[in-house]
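Observations on the model geometry
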Amino acid sequence: MSLSAIPLPLRIIGGLLIGMLLFRFLGGMGPLLLIIGLVLWLAVGLALLYDSGAAAGLGGVPALGALLDRITNRSEARPPPPDAREKAAPAAPRGSLGAEEREKLLAEAYERLDGLTGQAAAADLIETRVFEPIRSAPEDGPAFATRAPALAVILSGPRGVGLADAAFAVARGVAGLGALNRAHIAELRARDLRGDATDAATKKAEEANGGTLYLPDADWLLAADPYGGASPGVEAGLAILDVAERRPHSFLIVATLPEGMEETLRANDDHRRWLDRLAVRSIRLEGLEDDMLVDVLAAELEALGCPLEEEGRRPARALVREVREAQGAAFDNAEACRRLAEQLSAAETEMTLEAGAEPPVPGASRPIARRHVMRVQETWE
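Below you will find a few notes about this structure. (Residues numbered from 1 in each chain as written. Predicted model: local features only at pLDDT ≥ 70, side-chain atom pairs only at ≥ 80, totals over all residues. Heavy atoms only, no water.)

**Remarks on the overall build of the protein**
Let me state the cut-off plainly: Helix and strand assignments follow DSSP, with helices taken as H or I runs no shorter than four residues and strands as E runs no shorter than two, numbered in order from the N terminus. Burial classes follow relative accessibility: with a 1.4 Å probe on protein chains only, a residue under 20% of its type's maximum area counts as buried, one over 50% as exposed, and anything between as partly exposed. Only heavy atoms enter the contact rule, under which two residues are in contact if any of them lie within 4.5 Å.
A count of helical and extended segments in the protein gives 15 helices and 5 strands. For the protein, the proportion of its 381 residues judged to be buried stands at 41%. Taking contacts inside the protein between residues at least 6 apart in sequence as the whole, the part at least 24 apart equals 76%.

**Concerning the pattern of salt bridges**
Threshold: For this analysis, a salt bridge means a side-chain nitrogen from Lys or Arg found within 4 Å of a carboxyl oxygen belonging to Asp or Glu.
As enumerated under the stated definition, the model contains 25 salt bridges in all. The salt bridge involving glutamate 350 is made with arginine 375; its shortest N-O contact spans 2.3 Å. Placement of the pair is glutamate 350 in helix 14 (residues 334–354) and arginine 375 in helix 15 (residues 370–378), with a sequence separation of 25 residues. Residue glutamate 350 is classed as partly exposed on the basis of its relative accessible area of 40%. Residue arginine 375 is classed as partly exposed on the basis of its relative accessible area, which comes to 22%. Among the charged side chains, a network of salt bridges with common partners joins Glu127, Glu132 and Arg135.

**Side note on unusual backbone geometry**
Note on backbone geometry: most residues besides glycine have negative phi, and most peptide bonds are trans. The phi angle at histidine 249 is positive, at roughly 65°, despite the residue not being glycine. Residue position: histidine 249 is located in the loop between helix 9 (232–246) and strand 4 (252–258). The phi torsion at asparagine 333 lies on the positive side, around 50°, for a residue other than glycine. Tracing the backbone shows asparagine 333 in the loop between helix 13 (313–327) and helix 14.

**Some details on the side chain of threonine 256**
The criterion, for reference: Distance and chemistry together define a polar contact, namely a pair of N or O atoms within 3.5 Å, with one atom able to donate a hydrogen and the other to accept it when in protein, and with adjacent residues in sequence counting only for side-chain atoms on both sides.
Checked against the element boundaries, threonine 256 lands in strand 4. Classification of threonine 256 by relative accessible area gives buried; the value is 3%. Of note is the side chain of threonine 256, whose polar atom sits 2.8 Å from the backbone nitrogen of aspartate 217. The contacts of threonine 256, once residues within four sequence positions are left out, are Leu155, Leu163, Ala167, Tyr214, Leu215, Pro216, Asp217 and Ala218.

**A closer look at the packing of helix 12 (residues 290–303) against helix 14**
Selection criterion: Helix axes are fitted only over the stretch in contact, all axes being lines through C-alpha atoms; the angle between N-to-C directions runs from 0 to 180 degrees. In this scheme, roughly parallel covers angles under 35 degrees and roughly antiparallel covers those over 145, while 65 to 115 is roughly perpendicular and the rest are oblique. Crossing handedness: left-handed means the near helix sits turned counterclockwise from the far one by under a right angle, and right-handed means the same turn made clockwise.
The N-to-C vectors of helix 12 and helix 14 enclose an angle of 50°; their axes lie 8 Å apart at closest approach. By the angle between their directions, the pair helix 12 and helix 14 is classed as oblique. As for how helix 12 packs across helix 14, the hand of that crossing is right-handed. Contacts between helix 12 and helix 14 pair Leu293, Val296, Leu297, Glu300 and Leu301 from the former with Ala334, Cys337, Arg338, Leu340, Ala341 and Leu344 from the latter.

**Some points on empty space enclosed by the protein**
Where we set the bar: Using a 1 Å grid laid over the protein atoms alone, points where a 1.4 Å probe fits but cannot get out form a cavity; open sets with protein on both sides within 12 Å along at least 5 of 7 lines form a pocket; any residue with an atom within 4 Å of a point counts as lining. Grid points are joined across faces, edges and corners, and a volume is the space filled by probe spheres set on the points. Note on residue classes: Ala, Val, Leu, Ile, Met, Phe, Trp, Tyr, Cys and Pro are nonpolar, Asp, Glu, Lys and Arg are charged, and everything else, Gly too, is polar.
The full count for this structure, using the stated rule, is 1 cavity of 30 Å³ or more. Space inside the largest cavity adds up to approximately 60 Å³. Lining the largest cavity, in full, are Ala152, Val153, Ile154, Leu215, Leu221, Ile253, Ala255, Leu257, Leu265, Trp274 and Leu275. Counting only elements with at least two residues in the lining of the largest cavity, the list comes to strand 1 (151–157), strand 4 and helix 11 (269–275). Grouping the constituent residues of the lining of the largest cavity by class yields 11 nonpolar, no polar and no charged.

**So, the nonpolar core**
Generally speaking, a soluble globular protein has its nonpolar side chains buried in company with each other. This is how it is decided: Residues belong to one nonpolar core when they are buried, are Ala, Val, Leu, Ile, Met, Phe, Trp, Tyr or Cys, and are joined through side-chain atoms within 4.5 Å.
Grouped together as the largest cluster of nonpolar side chains are 58 residues, with contacts concentrated most on Leu155, Val174, Leu252 and Leu297. Setting aside residues no more than four positions away along its own chain, leucine 252 makes contact with Phe144, Leu151, Val153, Val170, Ala171, Val174, Leu180, Gly211, Thr212 and Leu213. With 31 residues, the next largest nonpolar core counts Ala150, Ile240, Leu241 and Ala244 among its residues.

**Topic: helix 14**
Along an α-helix, residues three or four apart share an orientation, since each turn contains 3.6 residues. Rules: Working rule for helices: expected span equals 1.5 Å times residues minus one.
With 21 residues, helix 14 should reach 30 Å at 1.5 Å per residue; the first-to-last C-alpha distance of 30 Å fits that figure. Buried residues along helix 14 sit against helix 12, helix 13 and helix 15. Looking one or two places after helix 14, you find glycine 356, whose phi comes out positive at around 80°.

**Description of the sheet that holds strand 3 (residues 212–215)**
Strands in a sheet are paired, the pairing made by backbone hydrogen bonds, and the direction either parallel or antiparallel. What counts, and what does not: A pair of strands is treated as paired once DSSP finds two or more bridges between them.
If you walk across this open sheet you meet the 5 strands as 2-3-4-1-5, and the pairing is parallel. Both edges of this open sheet fall to strand 2 (185–187) and strand 5 (279–284), since each of them pairs with a single strand only. Sheet twist, expressed as the mean angle between neighbouring strand axes with direction ignored, is 20°. Note: strand 1 against strand 4, 6 bridges, orientation parallel. Bridge assignment links alanine 152 to a residue of strand 4, and that residue is isoleucine 253. Along the sheet, helix 6 (residues 120–136) contacts strand 1 and strand 5; its crossing angle with strand 5, the most-contacted strand, is approximately 160°.

**A short note on helix 7 (residues 163–176)**
For helix 7, built from 14 residues, the straight-helix expectation of 20 Å at 1.5 Å per residue is met to within 8% by its first-to-last C-alpha distance of 20 Å. Most of helix 7 sits inside the fold, with 11 of its 14 residues counted as buried. If you check which residues of helix 7 are buried, you get Leu163, Ala166, Ala167, Ala169, Val170, Ala171, Arg172, Gly173, Val174, Ala175 and Gly176. Packing partners of the buried residues in helix 7 comprise helix 5 (99–114), helix 6, strand 1, strand 2, strand 3 and strand 4. Following helix 7 by one or two positions, glycine 178 adopts a phi angle in the positive range, close to 90°.

This is how it looks when you write it as structure tokens:
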């Protein structure tokens, strides 16, 4: 057994005791013993600072970083260098889905991407950063075109811009390209971490074997433990990494995050312990402009059987802008448009009845005109 297997506090106490005994029994040896004692105390101090994170920069100093890693037992926790990682991660066989099923999955993926309003740039990034490397990888190479144990795609952006649809498209596309054995998606949410976060995340990652582990609204990764213990999000991340390293290239990880949270997650030292070992691809979805939101609103109205008339588009644009300004950070783009569509549909029915007309016949077209938009706008003034 190596000394590094002994917990750091016990090694430090042992070192101090040895130093004290040397001073006690060999006190007459003069300056040489004093120098040895000072070196011992200096080593203990540096080890404590390094292990606490207060002197993490020392890890980058040649020789000294390796020595401190050895003393503090961090050698195994530190991500292996790229060359070592490539040797340690054996190539997994490509997916076993049939050609017809893979073709269907890929078609579903592109249909979802094409349906994302105002996200052409994000769709292009998914193609170039995720799909294209897998498509062009050699048949006998790693499944995700990376020798890291798993591929993690992080999708971030404002609420209601299509993060869930983009996540679905990535999962379906990677499976359709043959990098997964099945199209199964296992979801890991904050509520799943109640109790033992490590155990819950391990079970979900194992359930995702051959498919995709989906972390929707994953800002919970950064939530602190209410009782002051270890962060459940960090424990979950390390558990996911553990399963990935035991079963390299066996599942895809897809996470969605609110705007701005991806940078916070990647900069967190605790989360870097597991994220830095994965092949992470970051894709950001943009907020929707007013004209795009009017298009979403019109599509939602069409689905309700209430097509937006041309004369209603301009006031609808003003209504969308007013709702955005009123809700501020809580404005959720497409979701807000869906709620507005329901309000406009209700306003059309209400105004029809007020005019003494017959109630609308189910399935009949009920156009939304300027007056209907103005009625709803009154509720926001």
